[in-house]
Structure formats: structure tokens, C-alpha cells
Amino acid sequence: KRIRFHYDRLSRGLSLELHPMEASATPLVNRALVLVPTLNLGIMQAIAYARTICGDVTGLHIEVSAAATPILKERWHRYVGPAMPLVVLPSPYRSMIAPLLAYVQEMLRTYPDGLITVVVPELVVKRWWHGFLHRNDGLFIKWYLLNQPRVVVANVRYFEPSESSMDRPFASNIDMPTI
């Protein structure tokens, strides 16, 4: 009985006939936030994806190490350019979640007219135990944003390079920070 009641209530709540004003096809304004822990080929793929879903894209770096931020900003300017802003949020307790949630809530208040898409780049390693060597915050971020209305979470997976691709010399003379 209670299961049937749940499905009936859900059906009424989502009915197009009972909510005709909400069923209009008015397009929503979408803004994308790309999480940028560092800048590498995988993050660039996430940025490229975000640009395909909307024109208003912002990079978001949660600063857990102030020493690395100037390098990231310089690389952002070089590879992404000034057309896409990079917001740097300090995190005194090395937490990704609290600053991210606060920023998303601020965006929802500032832009009550649509959606916020949080693009989460995620490294996929070849061997399961390699996952322990990398911060895998994606799952926690998705979990904390799960019940946020008007927030969409998009994963952009990028894969560990093959051995043969790592033998090629870099095209530039800059040092790549480790992930």
C-alpha cells in the first residue's frame, strides 16, 4: 500500500496536466562551473565539454595549497585565456566541499533564472589500486550536490595515458605539476 501511495503521489507531482505552467518549453539559462584542481589535458577536455553545453563557463579552483595557485593562474592565462574566468576559493581546512557548496549556493541566489552545471573532471586509472594515489573527490562532490535543486553534475572522465604516449617529449618547456 505505501509503495503504491508513493508512486501515485510521485505521478501526480510530476504530471504535465496538473502543472501546465511549469511544463512550458521555456529554455533555462545554464551556467557551468568546471572544477580545476590543476591544469592538464584531462581538465582541458572538461573545459571543452563545458563550452559545448553553454556559453557562460567559469573555472573554479579550490585552493588547498596557496603556493601552487600562482602557477595555476599563469598556466590558465596561457592555455585557457582571459575569455574564461578562473575563480580561486581559499580552503583553510583543505576541504573541497564547503567552499564549493558555498559558491554554488551564491550562484543560485545570484542567478535564480536557471541551472548551474558543475563539471567534475575525473581521472580513470588503469589499475584499481592506482586510485589510492590520487584525490578522488568526484564521488563526494556528486554526493553533496545530489539534493541541490537546479544543480546538474556532469562527469568528464579522462584516462591515464598509455606508456607510449608518455615517451613523447612535451611540446613546451614548462614543468607539469603532478596530480
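Residues numbered from 1 in each chain as written. Predicted model: local features only at pLDDT ≥ 70, side-chain atom pairs only at ≥ 80, totals over all residues. Heavy atoms only, no water.

Chemist: How do you make sense of the confidence of the model for the chain when you look at a structure like this?
Modeler: Looking at the chain as a whole, its pLDDT mean stands at 82, while 77% of the residues score no less than 70. Here residues 130–134 scores under 50 on pLDDT; set against residues more than four positions off or in separate chains, the count is 7 contacts. In the predicted structure, residues 170–179 sits below a pLDDT of 50 and forms 14 contacts with residues beyond four places in sequence or in another chain. (pLDDT = per-residue confidence, 0-100. Contact = heavy atoms within 4.5 Å.)

Chemist: Looking at this structure, how should I read unusual backbone geometry?
Modeler: Note on backbone geometry: most residues besides glycine have negative phi, and most peptide bonds are trans. Within the chain, arginine 150 stands out as a residue other than glycine whose phi angle is a positive 65 degrees. Counting through the fold element by element, arginine 150 comes out in the loop between helix H5 (138–145) and strand E5 (151–159). Overall, the relative accessible area of 32% leaves arginine 150 in the partly exposed class. (Helix = DSSP H or I, 4+ residues; strand = E, 2+ residues; numbered from the N terminus. Buried < 20%, exposed > 50% of the residue type's maximum accessible area, 1.4 Å probe, protein only.)

Chemist: Looking at this model, I keep getting lost on the pattern of salt bridges. Mind explaining?
Modeler: Pairing is possible between side chains that carry opposite charge, provided their charged atoms lie close to one another. Per the counting criterion, the structure on display carries 6 salt bridges. Put simply, arginine 109 and glutamate 106 hold a salt bridge, and the shortest N to O gap is 3.8 Å. With a gap of 3 residues between them, arginine 109 and glutamate 106 both fall in helix H4 (residues 97–110), about one helical turn apart. A relative accessible area of 42% places glutamate 106 in the partly exposed class. Members of the salt-bridge network, linked through shared partners, are Arg31, Asp56 and Asp113. (Salt bridge = Lys/Arg side-chain N within 4 Å of Asp/Glu carboxyl O.)

Chemist: I would appreciate a short explanation of H4 in the present structure.
Modeler: Residues separated by three or four positions in an α-helix point in the same direction, a consequence of the helix having 3.6 residues per turn. Under the 1.5 Å per step criterion, the end-to-end length of H4 is 20 Å for 14 residues, consistent within 8% with the ideal 20 Å. For H4, the full list of buried residues reads Ile97, Pro99, Leu100, Tyr103, Val104, Met107 and Leu108. (Expected span 1.5 Å × (residues − 1).)

Chemist: I tried to follow the nonpolar core on my own but got confused; where do I start?
Modeler: Side chains of a nonpolar character, in soluble globular proteins, are inclined to be buried together. Counting 19 residues, the largest nonpolar core has Leu33, Leu60, Leu100, Val104, Val118 and Ile141 as the members making the most contacts within it. Secondary-structure elements contributing two or more residues to this core are strand E1 (29–35), strand E2 (56–63), strand E3 (86–90), H4, strand E4 (114–124) and H5. Among the elements that line this core, the one with the most residues is H4, at 6 residues. Setting aside residues no more than four positions away along its own chain, isoleucine 141 makes contact with Leu35, Met96, Ile97, Leu100 and Val120. (Core = buried A, V, L, I, M, F, W, Y, C linked by side-chain atoms within 4.5 Å.)

Chemist: I would appreciate a short explanation of the packing of aromatic side chains in the present structure.
Modeler: The description of two aromatic rings rests on the distance between their centres and on the angle between their planes. Under the definition given, this model contains 0 aromatic pairs. The side chain of arginine 31 reaches across the aromatic face of tyrosine 111, ending 3.8 Å from its centre. (Phe/Tyr/Trp six-rings, centres within 6.5 Å; stacked < 30°, edge-to-face > 60°. Lys NZ or Arg CZ within 6 Å of the ring centre and 35° of its normal.)

Chemist: Before we go on, may I ask you to explain the pairing of E2 in this structure?
Modeler: Two faces belong to every sheet, and in a regular strand the side chains alternate between them. Within E2, 7 of the 8 residues are buried, which leaves the element mostly enclosed by the surrounding structure. Note: E1 against E2, 5 bridges, orientation parallel. Within E2, the position partnered with alanine 32 by the bridge is valine 57. Following the backbone out of E1, through helix H2 (residues 41–53) and into the adjacent parallel E2, one traces a crossover that is right-handed. Pairing geometry for E2 and E3, over 5 bridges, is parallel. Residue pairing in the sheet places isoleucine 62 in a bridge with leucine 89 of E3. Remark: the E2/helix H3 (residues 69–79)/E3 crossover connection has right-handed handedness. (Pairing = 2+ DSSP bridges. Right-handed = clockwise from strand over helix to strand, strands pointing away.)

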